[in-house]
Amino acid sequence: MKQITNTILMIRPVSFRMNEQTAVNNYFQEELDLKNQEINSKAQQEFDAFVAVLREKGIRVIVIEDTKEPDTPDSIFPNNWISFHANGTVVVYPMFAENRRNERREDVLDTLEKEGFTIENVVDYTTAEEEGLFLEGTGSILIDRVHQKVYCALSARAHEDLIIEFCEDFDCLPVIFTANQTVEGARLPIYHTNVMMCLGESYAVICLDSIDDKKEKKNVVHHLKESGKEIIAITESQMHQFAGNMLQLASADGQRYLVMSSAAYNSLHAEQLAKLEKHNPIIHSSLDTIETCGGGSARCMMAEVFLPSI
């Protein structure tokens, strides 16, 4: 079982803006004093430059254009509604924000099949939305595919029942905890696990300061060490620069890279960078508009494709 892939799916935005429905519990989002059209244009420029940087390193990027209708301001973050697995399974997830549910598109599967991938079956958890239960893809769950573990920080977008159901379906051990951030003096849940944590083959980048419960923190550290991961800790302020929102990928010839935004890269200290670069070179690209309005960064933009090829 491989932990990382050389192929990702990305959705190029056409109506990107700050999504008012996600801002209620995504404390990373901020208003920009720009017209929506201008915000989308800047986001497209950042998206195109990011894709170019990835392709230049030999990473296969399948780009799908978003559609004007229905209105999907967050379509640039496909990893929250879909994931692709090595056994040919596609998983479709229940989403917290109603307007994000419109991002789910059948034609994405058609495109992947045209690109030479095999889809054996689809596991669909979306009926949980009717009960007000959510689990937002690889935003909510970080899968250690080699050691069959799933790390998940509970939030309004990650319900414990669904995490356990996913782990039963995919024969994984759940490592569940709560991760908080300080918002106007209060400790509130971080909306997605993948903004405070990144799992590479041989390391984990994690904001341990966000796990307030000592037992939970100890348990997460235990599982990471048991799986042979070097733990590279980041601070809460670095997390706010999206230093946890990274993804390790491979090029076509097997070279490993760690992908992040320039804001994340610039927030890291020399010692942290040295630890990361011991494992793999770093790729970074400016995603300032996307990060500010969308409250997500490089990792959120990439849906990993592990499906078998025909």
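Residues numbered from 1 in each chain as written. Predicted model: local features only at pLDDT ≥ 70, side-chain atom pairs only at ≥ 80, totals over all residues. Heavy atoms only, no water.

## Topic: the overall build of the chain
The helix and strand tally for the chain stands at nine helices and 17 strands. Here the C-alpha coordinates of the chain stretch approximately 45 × 45 × 45 Å along the principal axes. Put simply, 75% of the contacts in the chain that link residues at least 6 apart link residues at least 24 apart. (Helix = DSSP H or I, 4+ residues; strand = E, 2+ residues; numbered from the N terminus. Contact = heavy atoms within 4.5 Å.)

## Side note on the environment of I206
Assignment of secondary structure puts I206 in strand 12 (residues 203–206). Relative accessible area serves as the criterion here: at 0%, I206 is assigned to the buried category. Along the chain, I206 and I8 lie 198 residues apart, while their C-alpha atoms are 23 Å from each other. Excluding residues within four positions of it along the chain, I206 makes contact with M196, M197, I211, V220, L224, I231, I232, A233 and I234. (Buried < 20%, exposed > 50% of the residue type's maximum accessible area, 1.4 Å probe, protein only.)

## Observations concerning the nonpolar core
With 61 residues, the main nonpolar core has M10, L54, M196, L276 and M302 as its most contacted residues. It is helix 1 (residues 36–56) that contributes the most residues to this core, six residues altogether. M302 has contacts with I8, L9, M10, F50, L54, N79, L247, L249 and V259, leaving out every residue within four places of it along the chain. (Core = buried A, V, L, I, M, F, W, Y, C linked by side-chain atoms within 4.5 Å.)

## Digging into the sheet that holds strand 17 (residues 303–304)
Strand order in the open sheet formed by three strands is 2-1-17, with mixed pairing between adjacent strands. In this open sheet, the two strands that pair with only one neighbour each are strand 2 (60–65) and strand 17. The sheet strands contacting helix 2 (residues 107–114) are strand 1 (7–12) and strand 2, and the helix crosses strand 2 at an angle near 140°. (Pairing = 2+ DSSP bridges. Axes fitted to C-alpha atoms, helices over the stretch in contact; angles between N-to-C directions.)

## Examining the state of the cysteines
Applying the stated rule across the entire model yields zero disulfides. Cysteine C293 remains unbridged, with the sulfur of C300 as its closest cysteine sulfur at 14 Å. (Disulfide = S-S within 2.5 Å.)

## Regarding the sheet that holds strand 5 (residues 121–124)
Taken together, the three strands give an open sheet; going across it, the order is 3-4-5, and neighbouring strands pair in mixed fashion. Looking at which strands have only one partner, the edges of the open sheet turn out to be strand 3 (82–84) and strand 5. Along the sheet, successive strands turn relative to each other by an average axial angle of 20°, direction set aside. In the sheet, strand 3 pairs with strand 4 (residues 89–92) via three bridges, with the strands oriented antiparallel. Within strand 4, the position partnered with F84 by the bridge is V90. Against the sheet, helix 2 contacts strand 3, strand 4 and strand 5, and its axis sits at roughly 20° relative to strand 3.

## With respect to the packing of aromatic side chains
Enumeration according to the criterion identifies five aromatic pairs in this entry. Summarising the aromatic geometry, the rings of Y93 and Y125 are spaced 6.3 Å apart at their centres and angled 45° between planes, so their arrangement reads as tilted. You can see Y93 sitting in the loop between strand 4 and helix 2 and its partner Y125 sitting in the loop between strand 5 and helix 3 (137–140), a full 32 residues away along the chain. The burial state of Y93 is the same as that of Y125; both residues are buried. Taken together, the ring pairs in this structure connect Y93, Y125, F166 and F170 into an aromatic cluster. (Phe/Tyr/Trp six-rings, centres within 6.5 Å; stacked < 30°, edge-to-face > 60°.)

## Comments concerning the pairing of strand 9 (residues 180–183)
Pairing geometry for strand 9 and strand 10 (residues 186–189), over four bridges, is antiparallel. Residue pairing across strands places V183 opposite A186, the latter belonging to strand 10. With antiparallel pairing between neighbouring strands as the criterion, strand 9 and strand 10 make up a hairpin whose turn holds two residues, including E184 at a positive phi of roughly 50°.

## A look at the pattern of salt bridges
For the structure shown, the criterion picks out 17 salt bridges. Where D48 meets R12, a salt bridge forms, and the shortest distance between an N and an O atom there is 2.8 Å. Highlighted residues: D48 in helix 1 and R12 in strand 1, separated in sequence by 36 residues. Overall, D48 belongs to the partly exposed group, its relative accessible area being 33%. R12 sits in the buried class, given a relative accessible area of 17%. Here R157 makes a salt bridge to E136, at a shortest N to O gap of 3.3 Å. Here the residue R157 occupies a position in the loop between strand 7 (149–153) and helix 4 (160–169), and E136 occupies one in the loop between strand 5 and helix 3, the gap between them amounting to 21 residues. (Salt bridge = Lys/Arg side-chain N within 4 Å of Asp/Glu carboxyl O.)

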